[in-house]
Amino acid sequence: EMLAQHYQTMFKEDCRETLATERPFTVRLSGRHLFTGGVDRLARNRDGAITVIDYKTTRHPPRALDDEAALQLRAYGVYALLAHGADSARLEYRP
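For the structure given in this document, a descriptive report is provided here. From a predicted model like this one, the values you see are computed outputs, not experimental measurements. (Residues numbered from 1 in each chain as written. Predicted model: local features only at pLDDT ≥ 70, side-chain atom pairs only at ≥ 80, totals over all residues. Heavy atoms only, no water.)

**Brief notes about the sheet that holds strand E3 (residues 50–55)**
This is how it is decided: Strands are treated as partners if at least two bridges between them are detected by DSSP. Strands are runs of DSSP state E lasting at least 2 residues, helices are runs of H or I lasting at least 4, and numbering of each runs from the N terminus. To obtain each axis, a line is fitted to C-alpha atoms, and for helices this fit is confined to the stretch in contact; angles are then taken between N-to-C directions over 0 to 180 degrees. Note on contacts: a residue pair qualifies if any of its non-hydrogen atoms lie within 4.5 Å across the two residues.
Strand order in the open sheet formed by 4 strands is E1-E2-E3-E4, and the pairing between neighbours is mixed. This sheet does not close on itself; its edge strands, each paired only once, are strand E1 (17–29) and strand E4 (89–94). In this sheet, adjacent strand axes meet at a mean angle of 40° when their direction is disregarded. Bridge count between strand E2 (residues 33–44) and E3: 4 bridges; the pairing is antiparallel. Bridging from a neighbouring strand, Arg41 pairs with Ile53 of E3. Strands in contact with helix H2 (residues 71–84) are E1, E2, E3 and E4; relative to E2, the strand with the most contacts, it is inclined by about 80°.

**Considering the nonpolar core**
Counted only if it meets this: By nonpolar core we mean a set of buried residues, namely Ala, Val, Leu, Ile, Met, Phe, Trp, Tyr and Cys, connected to one another through side-chain atoms within 4.5 Å. Note on exposure labels: buried denotes an accessible area under 20% of the residue type's maximum, exposed denotes more than 50%, and partly exposed covers the range between, all computed with a 1.4 Å probe on protein chains only.
Membership of the largest hydrophobic core comes to 13 residues, with the highest contact counts inside it found for Phe25, Val39, Leu42, Val52, Tyr76 and Tyr79. Among the secondary structure elements, those contributing two or more residues to this core are E1, E2, E3 and H2. Element by element, the count of residues in this core is highest for H2, at 4 residues. Non-local contacts of Val39, meaning those with residues more than four positions away in its chain, are made with Thr21, Glu22, Arg23, Phe25, Val52, Tyr76 and Tyr79.

**Describing the pairing of E1**
In the sheet, E1 pairs with E2 via 11 bridges, with the strands oriented antiparallel. If you follow Pro24 over to E2, its bridge partner there is Gly38. Counted between consecutive antiparallel strands, the loop separating E1 from E2 contains 3 residues, among which Ser30 sits at a positive phi close to 55°.

Following this line, the structure appears as structure tokens:
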């Protein structure tokens, strides 16, 4: 609840609907592998698309989604697709 209020205050201009904050999850990959993580923020854009937002406190977040350091965010995208039945998920880092 407190985190949701922070997002509403901090990002007033962000018109996306927040679906979840700090959401822990586990997904089964390839039928036998489990991946467990936690999404900072899951949002629905005005066009209905799902966006996974990973807030970074580091000075040097990954620069590109094809960077090995971005594997975590891409796995969060898989969760968003599976959990929300979306055709695609947008992925972004935010400070």
